[in-house]
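Structure assessment
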Amino acid sequence: MAQIEQSSGGKGKKSRQKKMTIHVDFTPMVDMNMLLITFFMLCTTMIKSQTLQISLPSNEKVDKTEQNKVKQSEAITIILDSERHADVKDELTGKMLKGQVKKNLVYYYEGQPNIVDENKDGLIDANNMNETEFLPNSGGVPQGIREIIHDRNKQVIEKINVLKEQWRDKKLSDEEYQKRAKEIRNDSTLTRPIVIIKATPNASYENLIGALDEMQINSISRYQIDRMNATDSALMMDIKAKNLRK
Amino acid sequence: MGKVKIKRKSTLIDMTAMSDVTVLLLTFFMLTSTFLQKEPVIVNTPSSVSEIKVPDTNLVTVLVSPKGQVFLSLAGDRDSTYSSEKMRAELLKTVVAEYNKLHKSNPVKFTNAQVNTFSKINSFGYPMSRLSEFLNQPQVKQDELIDPAKNPNAGIPISINLDLDHPNEFQIWMKALYSLDNENLSAAIKDGSGIAVKADKDTPYEVVQVVMDNLQTMKMNKFSLMTALKSEGE
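Definitions and cut-offs
Residues numbered from 1 in each chain as written. Chains lettered and ligands numbered in written order. Predicted model: local features only at pLDDT ≥ 70, side-chain atom pairs only at ≥ 80, totals over all residues. Heavy atoms only, no water. Helix = DSSP H or I, 4+ residues; strand = E, 2+ residues; numbered from the N terminus. Buried < 20%, exposed > 50% of the residue type's maximum accessible area, 1.4 Å probe, protein only. Areas by Shrake-Rupley, 256 points an atom, 1.4 Å probe, with all protein chains shown as cover. Phe/Tyr/Trp six-rings, centres within 6.5 Å; stacked < 30°, edge-to-face > 60°. Pairing = 2+ DSSP bridges. Axes fitted to C-alpha atoms, helices over the stretch in contact; angles between N-to-C directions. Contact = heavy atoms within 4.5 Å. Polar contact = N/O pair within 3.5 Å; in protein donor to acceptor, adjacent residues only side chain to side chain. pLDDT = per-residue confidence, 0-100. Buried area = accessible area lost by both parts, 1.4 Å probe. Salt bridge = Lys/Arg side-chain N within 4 Å of Asp/Glu carboxyl O. Patch = residues over 30% accessible without salt bridge, like charges linked within 9 Å, V, L, I, M, F, W, Y side chains within 5 Å. Arc of directions from axis to C-beta. Core = buried A, V, L, I, M, F, W, Y, C linked by side-chain atoms within 4.5 Å. Parallel < 35°, antiparallel > 145°, perpendicular 65-115°, else oblique. Nonpolar A, V, L, I, M, F, W, Y, C, P; charged D, E, K, R; others polar. Left-handed = near helix turned anticlockwise from the far one by under 90°. 1 Å grid on protein atoms, 1.4 Å probe; cavity = no way out; pocket = protein on both sides within 12 Å on 5 of 7 lines; lining within 4 Å. Points joined across faces, edges and corners; volume = space filled by probe spheres on them.

Along the backbone of chain A there are six helices and nine strands. Among the 246 residues that make up chain A, the fraction classed as buried is 33%. Of the roughly 16400 Å² of accessible surface on chain A, a fraction of 51% belongs to carbon and sulfur atoms.

A separate point is the packing of aromatic side chains. Within this structure, the stated rule accounts for nine aromatic pairs over all chains. Note on B:Phe28 and B:Phe29: the rings are 5.5 Å apart at their centroids and 70° apart in plane angle, and the pair reads as edge-to-face. For B:Phe29, a relative accessible area of 13% puts it in the buried group. With centroids separated by 5.3 Å and ring planes inclined at 40°, the aromatic side chains of B:Phe124 and B:Trp173 adopt a geometry described as tilted. One end of the pair, B:Phe124, is in strand 6 (residues 123-124); the other, B:Trp173, is in helix 6 (residues 169-178), with 49 residues separating them in the sequence. No difference in accessibility class separates B:Phe124 from B:Trp173, as the two residues are buried. By way of ring pairs, the aromatic residues A:Phe39, A:Phe40 and B:Phe35 are connected into one cluster.

Residue and element names in this part refer to chain A. Strand order in the open sheet formed by five strands is 7-6-5-8-9, and the pairing between neighbours is mixed. The open sheet has two edge strands with one neighbour each: strand 7 (130-132) and strand 9 (223-226). Taken pair by pair, the neighbouring strands of this sheet meet at an average axis angle of 25°, ignoring direction. In this fold helix 5 (residues 205-217) packs onto strand 5 (75-84), strand 6 (101-110), strand 8 (194-199) and strand 9, with an angle of close to 150° to the strand it touches most, strand 5.

Along the chain, the position of B:Thr227 falls in strand 8 (residues 222-229). Remark: the alpha-carbon pair of B:Thr227 and B:Ser48, spanning 179 residues in sequence, is separated by 6.0 Å. With residues up to four places along the chain from it excluded, the contact list for B:Thr227 reads A:Ser49, A:Gln50, A:Thr51, A:Leu52, A:Ile209, B:Thr45, B:Pro46, B:Ser47 and B:Ser48. One polar contact links B:Thr227 to B:Ser48, side chain to side chain, over a distance of 3.1 Å.

Mean pLDDT over chain A: 79, with 82% of residues reaching 70 or higher. Summarising per-element confidence for chain A, the mean pLDDT is lowest in strand 1 (residues 2-7) of chain A (62) and highest in helix 1 (residues 27-43) of chain A (91).

On to the interface of chain B and chain A. If you look at the interface, chain B gives 59 residues, while chain A gives 50 residues. With both sides pooled, the region where chain B packs onto chain A buries about 5100 Å², and carbon together with sulfur makes up 62% of that total. Counting the contacts that link chain B with chain A gives one salt bridge. Remark: the boundary between chain B and chain A carries 19 residue pairs in polar contact (both at pLDDT 80 or more). Of all elements in the fold, only helix 1 (16-32), strand 1 (34-35), strand 2 (47-48), strand 3 (52-53), strand 7 (195-199), helix 8 (205-217) and strand 8 of chain B reach the threshold of two or more residues within the side of chain B that touches chain A.

Another point: a nonpolar patch on the surface. On the surface, A:Met29, A:Met32, A:Leu36, A:Phe39, B:Val23 and B:Phe35 cluster together into a nonpolar patch covering about 510 Å² of accessible area. Ranked by residue count, the leading element in the nonpolar patch is helix 1 of chain A, at four residues. Looking at the secondary structure, you find B:Phe35 in strand 1. For B:Phe35, a relative accessible area of 48% gives the class partly exposed.

To continue, consider the environment of B:Asn184. Residues and elements named next belong to chain B. On the secondary structure map, Asn-184 appears in helix 7 (residues 183-191). Residue Asn-184 is classed as partly exposed on the basis of its relative accessible area of 43%. In the structure, Asn-184 is positioned 102 residues away from Tyr-82 in sequence and 9.6 Å away in space, judged by C-alpha atoms.

Turning to helix 5 (residues 139-146) of chain B, a few remarks are in order. All names here are of chain B. Within helix 5, the full set of buried residues consists of Gln-142, Leu-145 and Ile-146. Viewed end-on, helix 5 has its buried residues packed into an arc of 90°, placing them on one side of the element. The secondary structure elements touched by the buried residues of helix 5 are strand 5 (70-75), helix 3 (112-120), strand 6 and helix 4 (128-136).

The next subject is the nonpolar core. All names here are of chain B. Leu-72, Trp-173 and Met-174 are the most contacted members of the largest nonpolar core, which totals 77 residues. It is helix 2 (residues 84-102) that contributes the most residues to this core, seven residues altogether. If we skip the residues at most four places from it in the chain, Leu-72 touches Val-60, Thr-61, Val-62, Asn-122, Ser-123, Phe-124, Ile-156, Phe-170, Trp-173, Met-174 and Leu-177.

Residue and element names in this part refer to chain B. The interhelical angle for the contact between helix 3 and helix 4, taken along N-to-C directions, is 85°, at an axis separation of 9 Å. Considering their axes alone, helix 3 and helix 4 lie roughly perpendicular with respect to each other. Facing helix 3, whose interface residues are Gln-114, Thr-117 and Phe-118, helix 4 presents Leu-131, Ser-132, Leu-135 and Asn-136. Of the residues belonging to the contact of helix 3 with helix 4, the class tally is three nonpolar, four polar and no charged.

The next thing to look at is the packing of helix 2 of chain B against helix 3 of chain B. Residues and elements named next belong to chain B. Close contact between helix 2 and helix 3 brings their axes to 8 Å; oriented N to C, the two are set at 125°. Relative to helix 3, helix 2 is oriented oblique. Here helix 2 and helix 3 pass one another in a crossing that is right-handed. For the pair helix 2 and helix 3, the contacting residues are Glu-85, Arg-88, Ala-89, Leu-92 and Lys-93 in the first and Val-115, Phe-118, Ser-119 and Lys-120 in the second.

With that settled, consider the layout of surface pockets. Residue and element names in this part refer to chain A. Here the largest pocket is characterised by a volume of approximately 2000 Å³. The dominant element in the lining of the largest pocket, judged by the number of residues it contributes, is helix 3 (residues 154-168), at seven residues. Per-class residue counts for the lining of the largest pocket are 19 nonpolar, 17 polar and 13 charged.

On to the side chain of B:Asn58. Residues and elements named next belong to chain B. For Asn-58, the position within the fold is in the loop between strand 3 and strand 4 (59-64). For Asn-58, a relative accessible area of 9% gives the class buried. There is a polar contact of 3.2 Å between the side chain of Asn-58 and the side chain of Asn-182. Filtering out sequence-adjacent residues up to four positions away, Asn-58 remains in contact with Ala-75, Gly-76, Asp-77, Asn-182, Asn-184, Leu-185, Ala-188 and Gly-194.

This is the structure we're talking about:
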C-alpha cells in the first residue's frame, strides 16, 4: 500500500542521508469513499417538502343572525372536478390506468347560481356557470381561472406589485413588506372578491391544492372551502349535458 | 543495429487528488441530505407555489393513502427529553389509557417490549385491537402488514364522527398527540404548523375530506398540507 522510494542521492557526493519520498496508495480509500457516496445518494433525499397552510372555519354552530352573508357582487364560486380513466391500458407502459386522473376540470360562477328553466326543455336557460382550466401564465399574462380571479382582484394586485417592486429594490425590509402586503390584502376600501372553493367527491387532491395556490398567487385574502350543494350539482350536470349536445 | 531499450514506466497513479474530491463529495451529501423515511405507501404530493418549509421537529404527519387508510408519524423535539422515540412510547401509553376507558369490555395491554418496538416505528397505523399482535411480529412481517396494498386492514380506523364523547381511533390518537407532555408540540399543533396532511395528487377529494373533517371536529382547524415545490414557469 505504501512504499518508500529511495532516490539515488547526488552522484558525486557521498552524503549518508538519503532522500526518502513516501508514496501512499489511495486507491482503496477512493473505493471506500465511492461506496459511501453511492450509499448516501441512494438512501437520502435532498428534496424538502413544502407546506401550504390552511385554516378551516370552526365547526361550531353559528347563529343565523350572526352569519355574515357574502355580498353577491363579491362572490365567486369555483367548483373542482376531475375526469378519471375507466378500465383502460396505457399504450406506452401497459399499466392499468383505472381511477387515475385524466383531466382536472374547473367550473366557476359569479354571484348567485341561476337555475331557472322556463321553457321546460330540461336545460337551464341562462346557466351562468363557465368551464375553464388551470393554466400557467403565458408571457406574464394570466390565463384560465387565474385570469378570472386576477381581474376580480386587480386593485389589490396592482398595489402589491408596487410594493413588491420596492421590496426588490431593497427599499423595504422583509418584515415591512409582509406587513404592508397584509394590510393591502385586508383593505376593505378596495374591491376584493370572496372566493368559495367547492369540490366534487371525485375531484383530485391536486386540483384542490391548485385552487388554493391560485388564491396565494392572486393575493386573495378571503376564501373558504365549502361543500357542494344540489344547485351546484345541477349547474354542473347542465353544462355537461350541453357539452354533449354540441 | 543497436537495441532500442524500452523504458519501463511505472503505472502507479497518484490517487490523492481523487480521494480529496470523493471526501468532499461525501461531506456534501452527508450535510445536505436527510434520510428517506420508510412509509407504508409512497405518495406523490402535488406541487404548489408555497415556500414554507416543513419543520424537522415537533411535527405530526397524517399520511393518507389513495384508498383512505390513515397513518401517523411523529417527529419529536430537538431536546432529547422529548425525542421522537420517547414521545412515541409516551403516546402509546396515553392512547391505550384513553382507548381502554372507552372499551371497558375488551381492554388492550402492552408489555414494555412492545412499547419499545412501537417507539422504533416511524410511520404507524394499525387498529388498536390488533396492534399488540402486530408488534409481536418480526420487522419484515410488520412492513408487510402495514402496507395497504398487501393488507386492506392497515391504517388507523377513521370515519366521519362529530360526537367527541365517542371518538373514533383517529380522534383518540390526535387528542393524545395534543395532550403529550411537550409544550412545543402542542403549540405547533395549535398554530397549524404541527400537523401536515400528506396525500397523493390523484387521491379523490372525498378521501381527504374525511381527514379534514375529523381535524375540524377536533378543533384543529389550522393545519398544513404537504406539497412539493413547483418548478419555475408553471
